[in-house]
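Below, each chain spelled out in residue letters.
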Amino acid sequence: MVEITRSYEIEVETIDSDHRRLVKIINEITQALDDKREAECARLVPEFVTLSKQHFAREEALLAKNGYPGVEKHREHHAALDGKMDTMLALAERVVESTAARDALRKELIFFLMDDVINEDMDFKSFLMDAASRKGNSTDG
Amino acid sequence: METSAIQGLHMVGVYHSYGSTPVLNNISLTVPAGELVCLLGPSGCGKTTLLRVAAGLERLQAGSVTIDETVVAEANLQLPPEDRRIGFMFQDYALFPHLSVLENVMFGLFRRDKAAAHTRAMDVLGQVGMARFADQHPHMLSGGQQQRVALARALAPEPRLVLLDEPFSGLDTDMRGRIREETLSVLKQTNVATLMVTHDPEEAMFMADRIKVLGENGRILQAGRPADIYYRPASEYVARLFGPMNMIDAVVTQGKLASSFGIMAAKRAAEGQVVRVLIRPEGLILSNGAGAEGGTPVDVLSAHLLGDSSMVRIQVREGANRGEEFQVRIAGAFDLTEKGQIWAHVDPRHVFQYPQD
Ligand SMILES: [Fe+2]
Ligand SMILES: [Fe+2]
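In this text the structure is predicted, and so the values were computed from the model without any measurement.

Considerations on the coordination of the iron ion (ligand 2)
Residue and element names in this part refer to chain A. Here the iron ion (ligand 2) is held by the protein donor atoms Glu59 (OE), His74 (NE2), His78 (NE2) and Asp121 (OD), which lie 2.0 to 2.3 Å from it. Each of the 4 donor atoms around the iron ion (ligand 2) contributes to a set of angles spanning 81 to 162 degrees, which defines the coordination as irregular. One chain supplies every donor to the iron ion (ligand 2), and in sequence these donors are spaced E-x14-H-x3-H-x42-D. A gap of 3.3 Å separates the iron ion (ligand 2) and the iron ion (ligand 1), which glutamate 59 links by coordinating each metal.

And the structure:
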């Protein structure tokens, strides 16, 4: 089970709620793998990838709107994750027949979520918090 | 809820500086239980500092460190190393010379009663194949055997996190390969989270489930599986970590880059922009004819057998890179007596583009 904890929150509701939705799907996928319902990965993993891409776009728009100076770099970081998402989609097609694919997919998903999606966002956490306090209101929307 | 439900190490937003010199710049990482993450970088990139912060040997200045369910460091909280349930294998953390192998391993088990400590120490010595050396002293052991005992000592107290700092650097090449394979297999059986520091890309590739490349400024340059780092290096710096590279600078013309090896589509670059194209020596393939994929005729200048592969120097005869020299790695020996024109073409899996500013 993955749970988002306070230290992993960006403290911007649109981003944190996206992250929580991604966590929820990862938990469904790992649960499906644990319960030998591997076939469900064919639906869940593409859903996870689609949601990730939507989230990246939303996050980039939010960063641009708030004038975050590292927005281009973060956009590049997201773009560089395409290959990893392709790998996860390819692995998802093989989980029914292959134990190795199952293990690799589980590993990829956890690292992708914790490291590539959430940890990397810590880069702009303090910027957005400062932006919010400067404006005296929320950076959301 | 304060902690993460993923078992293992979580470092979030870690900054560190010595005086006014920043060494770690907002580092966050996760090492799930049962996984091994390698921090790969040159000396002075802060990787050892990060390990020492995780261990509690260095005071955390900003951010948080969680091991399993326990926050071990954050603002106003610093658990001492001995309360973090960590196993160490550090370069400068040698075995105690005056203690036997068994006593070395029992050293960290002082919280258990003597009989239980003895049983546990013998168990873990068995796991690393060193039980029959229990009564010997470190100086009687080979470097590899000492390393196994050090691993047993690290694992004996059943740590939740193991930290390895260049653990194999004192071993000769032969022994290093064997010991790191054994170490990896024992760590995997133990299902413990492991964070390892190395400057050796090959070692990181071999050991890691995930590599985090640190740059000189104490920032993470790229994180991914060894295959991601090798086949999709995010920057020229990361690409060059794994040995020599061939280099072509080309200008984007109608969305394409021209070279003697053929035309390729420019990625993420604007018209007229200079793109640095890097090709690994194994990404150039030599053949006796043009082949289906095209390629370019070359002269072979030299060939050196390195063991199971050879490094061949070639010079391009035609096209945009006419007269330029390239390095090619081929399997086995190169036959210099072979007649006929040699052609080179590229394997796109080993070609990387980096638009220049
Ligand atoms: Fe995000
Ligand atoms: Fe992000």
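Notes on the domain arrangement of chain B
Residues and elements named next belong to chain B. Split into domains, chain B comes out as domain 1 (8-241) and domain 2 (246-355). Its C-alpha centre places domain 1 at a distance of 40 Å from the equivalent point of domain 2. Facing the 8 residues of domain 1 at the interface are 9 residues of domain 2. Of the roughly 790 Å² buried between domain 1 and domain 2, counting both surfaces, carbon and sulfur atoms make up 51%. Among the residues domain 1 hides against domain 2, the three largest losses belong to Tyr230, Tyr231 and Glu236. Together they make up 60% of the total. Seen at the junction of domain 1 and domain 2, the total is 1 salt bridge. Here glutamate 236 ties to arginine 276 by a salt bridge, and the two come within 3.3 Å at their closest N and O atoms. Our count for the contact surface shared by domain 1 and domain 2 stands at 6 residue pairs in polar contact (both at pLDDT 80 or more). Listing elements by their share of the side of domain 1 that touches domain 2, those giving two or more residues are helix H7 (226-231) and helix H8 (236-240). Among the elements that line the side of domain 1 that touches domain 2, the one with the most residues is H8, at 3 residues. For the side of domain 1 that touches domain 2, the class distribution of residues is 5 nonpolar, 1 polar and 2 charged.

Details of the layout of surface pockets
Roughly 1700 Å³ of volume is contained in the largest pocket. Of all the secondary-structure elements, those providing two or more residues to the lining of the largest pocket are helix H3 (71-79), helix H4 (82-92) and helix H5 (99-135) of chain A together with strand E2 (21-32), strand E11 (220-224), H7, H8 and strand E21 (351-355) of chain B. If one sorts the elements of the lining of the largest pocket by residue count, H3(A) sits on top with 6 residues. Here the lining of the largest pocket is composed, by residue class, of 18 nonpolar, 14 polar and 16 charged. The residues that make up the lining of the largest pocket include at least three from each of domain 1 (8-241) and domain 2 (246-355) of chain B. Roughly 650 Å³ of internal volume is contained in the second largest pocket. In terms of lining residues, the second largest pocket is bounded by 22 residues, among which Glu82(B), Ile86(B), Gly108(B), Phe110(B) and Pro157(B) are the most central. Secondary structure elements with two or more residues in the lining of the second largest pocket: strand E7 (86-90) and helix H4 (143-155) of chain B. In terms of residues, the lining of the second largest pocket owes the most to one element, E7(B), which gives 4 residues.

Some details on the interface of chain B and chain A
At the interface, 27 residues of chain B touch 21 residues of chain A. At the junction of chain B and chain A, the tally comes to 6 salt bridges. Salt-bridge contacts for Lys212(B) lead to Asp115(A); the nearest nitrogen and oxygen are separated by 2.7 Å. On inspection of chain B and its partner chain A, the count reaches 14 residue pairs in polar contact (both at pLDDT 80 or more). When contributions to the side of chain B that touches chain A are tallied by element, the ones reaching two or more residues are strand E1 (8-18), E2, strand E10 (210-214) and E11 of chain B. The residue inventory of the side of chain B that touches chain A, partitioned by class, reads 9 nonpolar, 8 polar and 10 charged.

Quick look at the packing of H4(B) against helix H5 (residues 173-190) of chain B
All names here are of chain B. It is at 10 Å that the axes of H4 and H5 come closest, and there the two elements cross at 20 degrees. Here H5 runs roughly parallel to H4, going by the angle between their axes. Of the two possible hands of crossing, H4 and H5 adopt the one that is right-handed. Residue-level inspection shows Gly144, Gln147, Arg148, Leu151 and Leu155 of H4 in contact with H5, the latter providing Met175, Arg178, Ile179, Glu182, Thr183, Val186, Leu187 and Thr190.

A word on the sheet that holds E21(B)
All names here are of chain B. In spatial order, the strands read E12-E15-E21; together these 3 strands make up an open sheet with antiparallel pairing. Bordering the open sheet on either side are strand E12 (246-251) and E21, each of which pairs with just one other strand. Neighbour-to-neighbour, the strand axes of the sheet open up by a mean angle of 25 degrees, direction not taken into account. Note: E12 against strand E15 (residues 274-279), 6 bridges, orientation antiparallel. Residue pairing for E15: isoleucine 248 is matched across the bridge by valine 277.

As for the side chain of Asp347(B)
Residues and elements named next belong to chain B. Relative to the assigned elements, aspartate 347 resides in the loop between strand E20 (342-346) and E21. A relative accessible area of 12% places aspartate 347 in the buried class. Residues within four places of aspartate 347 in sequence aside, it is in contact with Gly283 and Ile285.

Some details on the coordination of the iron ion (ligand 1)
Reference geometry at the metal: tetrahedral coordination by four donors gives ideal angles of 109.5 degrees; octahedral coordination by six donors gives 90 or 180 degrees. Residue and element names in this part refer to chain A. Listed as protein donors to the iron ion (ligand 1) are His19 (NE2), His55 (NE2), Glu59 (OE) and Asp121 (OD); their distances from the metal cover 1.9 to 2.3 Å. Considered as a linear motif, the donors of the iron ion (ligand 1) on their single chain read H-x35-H-x3-E-x61-D. According to the relative accessible area criterion, histidine 19 is buried, its value standing at 1%. A relative accessible area of 1% places glutamate 59 in the buried class.

Cut-off values and rules
Residues numbered from 1 in each chain as written. Chains lettered and ligands numbered in written order. Predicted model: local features only at pLDDT ≥ 70, side-chain atom pairs only at ≥ 80, totals over all residues. Heavy atoms only, no water. Donors = N, O, S within 2.8 Å, 3.2 Å for Na, K, Ca; no water. Tetrahedral: all angles 85-135°; square planar, octahedral: opposite > 155°, others 65-115°. Domains from an automatic or database assignment. Contact = heavy atoms within 4.5 Å. Buried area = accessible area lost by both parts, 1.4 Å probe. Salt bridge = Lys/Arg side-chain N within 4 Å of Asp/Glu carboxyl O. Polar contact = N/O pair within 3.5 Å; in protein donor to acceptor, adjacent residues only side chain to side chain. Helix = DSSP H or I, 4+ residues; strand = E, 2+ residues; numbered from the N terminus. Nonpolar A, V, L, I, M, F, W, Y, C, P; charged D, E, K, R; others polar. 1 Å grid on protein atoms, 1.4 Å probe; cavity = no way out; pocket = protein on both sides within 12 Å on 5 of 7 lines; lining within 4 Å. Points joined across faces, edges and corners; volume = space filled by probe spheres on them. Axes fitted to C-alpha atoms, helices over the stretch in contact; angles between N-to-C directions. Parallel < 35°, antiparallel > 145°, perpendicular 65-115°, else oblique. Left-handed = near helix turned anticlockwise from the far one by under 90°. Pairing = 2+ DSSP bridges. Buried < 20%, exposed > 50% of the residue type's maximum accessible area, 1.4 Å probe, protein only.

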